[in-house]
Amino acid sequence: MTKKILPPRIETFPATKQRRLDDLLEKSSEGTITPREKSRLERLVAEAEQLMVANASRLAKFTQRKGSPAGAVPVTVWVQAPHAVR
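Think of each chain on its own: its residues are numbered from 1, step by step along the sequence as written. Selection of residues for local features in this predicted model requires a pLDDT of at least 70, selection of side-chain atom pairs for listing and counting requires 80 or more, and totals for whole chains, interfaces and linings are taken over all residues. Side-chain numbers come from the whole structure's heavy atoms, not from hydrogens or water.

A. Focus on the packing of helix α1 (residues 15–30) against helix α2 (residues 35–64). Simply put, an axis is a line fit to the C-alpha atoms, just over the touching stretch for a helix, and the angle between two N-to-C directions goes from 0 to 180 degrees. Starting at the N terminus, helices and strands are each numbered in turn, a helix being any DSSP run of H or I of at least four residues and a strand any DSSP run of E of at least two. Where α1 contacts α2, the axes come no closer than 10 Å and their chain directions differ by 130 degrees. One finds that α1 runs oblique with respect to α2. Taken as a pair, α1 and α2 cross one another with a handedness that is left-handed. Contacts between α1 and α2 pair Lys17, Arg20, Leu21, Leu24, Leu25, Lys27 and Ser28 from the former with Glu37, Arg40, Leu41, Leu44, Val45 and Glu47 from the latter. Split into classes, the residues belonging to the contact of α1 with α2 amount to 6 nonpolar, 1 polar and 6 charged. An angle below 35 degrees is treated as roughly parallel, one above 145 as roughly antiparallel, one from 65 to 115 as roughly perpendicular, and anything else as oblique. With the far helix as reference, a near helix turned anticlockwise by less than a right angle produces a left-handed crossing, and one turned clockwise produces a right-handed crossing. Throughout, a residue-residue contact means that at least one pair of heavy atoms, one from each residue, lies within 4.5 Å. By the convention adopted, Pro, Cys, Tyr, Trp, Phe, Met, Ile, Leu, Val and Ala count as nonpolar, Lys, Arg, Asp and Glu as charged, and the other residues, Gly among them, as polar.

B. Focus on α1. In a helix, the anticipated span is given by 1.5 Å times the number of residues less one. End to end, α1 covers 23 Å across 16 residues, agreeing with the expected 22 Å (1.5 Å per residue, within 8%). Of the residues one or two after α1, Gly31 is the one with positive phi, at around 80 degrees.

Everything listed is a geometric property; what it means functionally is a separate question.
As structure tokens, this is what we get:
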């Protein structure tokens, strides 16, 4: 009997952080964001990017394993380096 290979668990951004991120993105697009909110927005975006890269890495490693699903392909994700703290 062959052991079934399960895909890795994909982490999600917490709902409260996602709502805050959405609110701050809207304020930024409207031009009503404060410097403090902009700083928070930058931190949330960086956190979300790290999560996406970690998930992509898990999926890429999964597709390279022997016995991974047919047709699965690895993905490359390019991320801009975090901005220096001002």
